[in-house]
Amino acid sequence: MKKAVGEHKKYITLIPYGILLITILVFFNSINNDFIHLDDPEYVLQNEQLKSLSFQNISKIFSSYTHGHYQPLSVLTYAIDYSIYGLNAYGFRMTNILLHLINILLVFVFIRRLSGRFYVAVVVSLLFAVHPLRVESVVWISERKDVLYAVFYFSALICYLNYLEKNKSVKYILLAGLFFILALFSKSMAVSLPIVFFLIDWYKKRKYRIRLVIEKIPFLILSIVFGIIVINSQQSSGLLEDTLASFTFFDRVLLSSYSAVIYIFKVFVPFNTLFMTDYPNRIDGHLPIYFYIAPIFIGLISVLIYKVRIFRRELVFGLFFYLITISLVLQIIPVSGFLWDHYTYVPSVGILFIIGQFLGYVQDRRFSYAHKLKGPLTTIMVFFVLMLVVVTWNRNNIWKNSGSLFSEVIRLNPDNEAAYINRGLYLLEQGDYKQAENDFSQAIKVKDYMSIAWLNRGQVRVELKKYEEAMKDMDQAIKLDPSENAHLVRGKLKADLGYHQKAIEDFNRAFKLNNHSSKALNNIGLSLAKLEKYNDALEYFNKAIKINPGNASAYGNRGTLYYQTGNKQKACTDWQRSAELGNKRANQIFLKYCK
């Protein structure tokens, strides 16, 4: 009998690993998905910080912003991936999946320690593992920050539970602090951790003492410091511009309420979840009716909490865990993006905790009607999990590449101009110039003030040899937004058409907008070389390389200049360096002339 019980326990302990196996199978069809044309170029494909793991470069990663965010640890993991896989999306996504698997185990341990129930931990970790809301965080390479910060966030929570249960041992609070710092270096949403510590104190019925506050002061200070860093990083890149300026304070309350409610709704009804959601249009000064319903729903939940007694603590803990961890992205403070699924990666654990605890209460017959619910709820749960698996598998296929992803967005929202722009970029890369032109034209039709749509259409019209129309598009793009990139693109067109002096004027404007633009200096040097002003060209190539030693194009162009002026040795040295930095054309020239 003892042996049978032991065997039973042995098999029971294998359940979490079974969940990992299911997760691997569910996400298996995403492994060979490509990068997408939203954030992936900035974080990975065009990120010069990934090309070296030297102490100098790592220091630069930790002392600078990436795409308007301070997430140095996430960027460092990209650099490690790049050193192993190059720019192969397979390797980057494998790392995301591995981190998700680690999080599943951490969620299991956290919920088991918090609830004291193996069954509850299984339910929560299984739903967390395979839910379609996970797809955006796991499959989208740019969302490495989600799965990475969660590893340290849940680790810190587990350490805090150890601290509470093991006589307030200092080593556990110190470990929690270490994991908190690592989480903050991964993603700013981690700043909510000390507030969750207070929530755990309440759930565990910890008696109030001054020590309860004092022990969390270092965590609160870290949250404030990193909060300031995040605000500065987003202000410096324009990401904190008030996208909600046209909305009144009351509108913002409605937006926040709706966001909080719709994420909960998606946990239970994960169908047709839109990858890119636009802010709502105000009609006659009012938001759509469903935004006014959201606060009513919140009020009903509040009444439910007041009425329910036997399940109140679990309900309050789960809801407040969710609200605390998602509060930064509920549009109370303007953030870039509205209703992204990846915002729910950690917060959804609060809602899943309520589901798990409710099923646990039914299993234990702690409700008077539990014996009637046990069978039906078990059946519903099995079918719900199977449904989640199927939906997640299908969503992975939608994320195969930018073409399939943004086609789905357009299907669900034909007026989403950003989807047309991103699909157009994918088609441009694939050489389908005519369809790319159509997509950019459609984006302009939806919103004719989008500078990037005009600029991209200008670029694709260059490929179609519609030079006059291309120049008009680029002029309009600069009229709408005289950015560095727009001047660089128009300058390149002028240079390609042989108008090098006019091209230099555009490149100089680009450099004035960004005096760290190595690309602008390199382009000036190239045009000067075409005008046979070799000494001036050499000076600009040198400046470009000084600003950015990783500028492969500048090394290649300087090598060509050296060769043209009779200095083959220096030419070969530059071509070799350019090839080492990934310039395939430079590598071909080096093999032809220097070997």
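Residues numbered from 1 in each chain as written. Predicted model: local features only at pLDDT ≥ 70, side-chain atom pairs only at ≥ 80, totals over all residues. Heavy atoms only, no water.

**Student:** Explain the overall build of the chain to me, using residue names and the numbers behind them.
**Tutor:** Secondary structure summary: the chain contains 30 helices and zero strands in total. Its C-alpha radius of gyration of 27 Å places the chain within 12% of the 25 Å reference for a compact globule of 595 residues. In terms of overall dimensions, the chain has C-alpha extents of about 90 × 55 × 45 Å along its principal axes. Within the chain, the fraction of its 595 residues that count as buried is 52%. For the chain, long-range pairs separated by at least 24 residues make up 68% of all intrachain contacts whose partners lie at least 6 apart in sequence. (Helix = DSSP H or I, 4+ residues; strand = E, 2+ residues; numbered from the N terminus. Rg over C-alpha atoms; globule rule 2.2 N^0.38 Å. Buried < 20%, exposed > 50% of the residue type's maximum accessible area, 1.4 Å probe, protein only. Contact = heavy atoms within 4.5 Å.)

**Student:** Outline the nonpolar core, listing residues and values.
**Tutor:** Across soluble globular proteins, you tend to see nonpolar side chains buried next to one another. If you look at the biggest cluster of nonpolar residues, it comprises 149 residues, and the most contacted ones within it are Phe 110, Leu 157 and Phe 275. In contact with Phe 275, other than residues within four places in its own chain, are Ile 36, Leu 38, Glu 136, Trp 140, Trp 340, Trp 399, Leu 405, Phe 406 and Val 409. Of all hydrophobic cores here, the second largest spans 13 residues; its members include Leu 488, Ile 504, Ala 510 and Ala 529. (Core = buried A, V, L, I, M, F, W, Y, C linked by side-chain atoms within 4.5 Å.)

**Student:** Please set out the packing of aromatic side chains residue by residue, giving values where relevant.
**Tutor:** A complete count under the given rule lists 34 aromatic pairs for this structure. When the ring of Tyr 258 is compared with that of Phe 291, the centres are 4.3 Å apart and the planes differ by 40°; the resulting orientation is tilted. Of this pair, Tyr 258 sits in helix 14 (residues 249-268) while Phe 291 sits in helix 15 (residues 289-307), and the two are 33 residues apart along the sequence. Each member of the pair, Tyr 258 as well as Phe 291, is classed as buried. Cluster of aromatic residues (ring-pair linked, three or more members): Phe 110, Phe 128, Tyr 149, Tyr 153, Phe 154, Tyr 203, Phe 317, Phe 321, Tyr 345 and Phe 353. Above the plane of the ring of Phe 198 lies Lys 216, whose end atom (NZ or CZ) is 4.7 Å from the centre. (Phe/Tyr/Trp six-rings, centres within 6.5 Å; stacked < 30°, edge-to-face > 60°. Lys NZ or Arg CZ within 6 Å of the ring centre and 35° of its normal.)

**Student:** Describe the confidence of the model for the chain, listing the residues and the values that go with them.
**Tutor:** Taken as a whole, the chain shows an average pLDDT of 90; of its residues, 95% reach a score of 70 or greater. The model gives residues 1-5 a pLDDT under 50, and that stretch makes zero contacts with residues more than four places away or in other chains. (pLDDT = per-residue confidence, 0-100.)

**Student:** I'd love a proper account of unusual backbone geometry, names of residues and values included.
**Tutor:** Its identity is not glycine, yet Asp 39 carries a phi of approximately 75°, on the positive side. If you trace the backbone, Asp 39 turns up in the loop between helix 2 (15-27) and helix 3 (40-45). Asp 39 sits in the buried class, given a relative accessible area of 18%. Non-glycine residue Lys 465 carries a positive phi angle of around 60°.

**Student:** Run through the pattern of salt bridges, naming residues and quoting values.
**Tutor:** Enumeration over the complete set of coordinates arrives at 28 salt bridges. A salt bridge links Arg 461 to Asp 473, with the shortest nitrogen-to-oxygen separation between them at 3.0 Å. Of this pair, Arg 461 sits in helix 22 (residues 451-463) while Asp 473 sits in helix 23 (residues 467-480); the two residues are 12 residues apart in sequence, bridging distant segments of the chain. A salt bridge links Arg 490 to Asp 475; the nearest nitrogen and oxygen atoms lie 2.8 Å apart. Here Arg 490, found in helix 24 (residues 484-496), pairs with Asp 475, found in helix 23; they are 15 residues apart in sequence, far enough to count as distant. Overall, Arg 490 belongs to the buried group, its relative accessible area being 11%. What you see here is one network of salt bridges that share partners, running through Lys 434, Glu 437, Arg 457, Arg 461, Lys 466 and Asp 473. (Salt bridge = Lys/Arg side-chain N within 4 Å of Asp/Glu carboxyl O.)

**Student:** Let's hear about the environment of Leu 127: which residues, and what values?
**Tutor:** Residue placement: Leu 127 occurs in helix 7 (residues 118-130). Setting aside its immediate chain neighbours within four residues, Leu 127 contacts Leu 352, Ile 355, Met 381, Phe 384, Val 385 and Leu 388.

**Student:** How would you sum up the state of the cysteines? Please name residues and give values.
**Tutor:** By the definition in use, this model includes one disulfide. Two residues, Cys 572 and Cys 594, share a disulfide whose sulfurs are 2.0 Å apart. Residues Cys 572 and Cys 594 are joined by a disulfide whose S-S torsion is about -90°; by sign, that bridge is left-handed. One end of the pair, Cys 572, is in helix 29 (residues 568-580); the other, Cys 594, is in the segment after helix 30 (584-593), with 22 residues separating them in the sequence. In this structure Cys 594 comes out as partly exposed when scored by relative accessible area, which is 21%. (Disulfide = S-S within 2.5 Å.)

**Student:** Before we move on, could you go through the packing of helix 23 against helix 24 and cite the residues and values that matter?
**Tutor:** Relative to each other, helix 23 and helix 24 sit at 155°, their axes nearing to 10 Å. Classed by the angle they form, the pair helix 23 and helix 24 counts as roughly antiparallel. The chirality of how helix 23 crosses helix 24 is left-handed. For the pair helix 23 and helix 24, the contacting residues are Tyr 467, Ala 470, Met 471, Met 474, Asp 475 and Ile 478 in the first and Ala 486, His 487, Val 489, Arg 490, Leu 493 and Lys 494 in the second. The class makeup of the residues in the contact of helix 23 with helix 24 is eight nonpolar, one polar and three charged. (Axes fitted to C-alpha atoms, helices over the stretch in contact; angles between N-to-C directions. Parallel < 35°, antiparallel > 145°, perpendicular 65-115°, else oblique. Left-handed = near helix turned anticlockwise from the far one by under 90°. Nonpolar A, V, L, I, M, F, W, Y, C, P; charged D, E, K, R; others polar.)

**Student:** Could you give an account of the environment of Phe 198, naming the residues involved and the relevant values?
**Tutor:** One can find Phe 198 in helix 11 (residues 193-203). What makes Phe 198 partly exposed here is its relative accessible area of 26%. Expressed as a C-alpha distance, the spacing of Phe 198 and Val 213, which sit 15 residues apart in the sequence, is 8.5 Å. Setting aside anything within four residues of it in sequence, one finds Phe 198 in contact with Leu 212, Val 213, Lys 216 and Leu 220.

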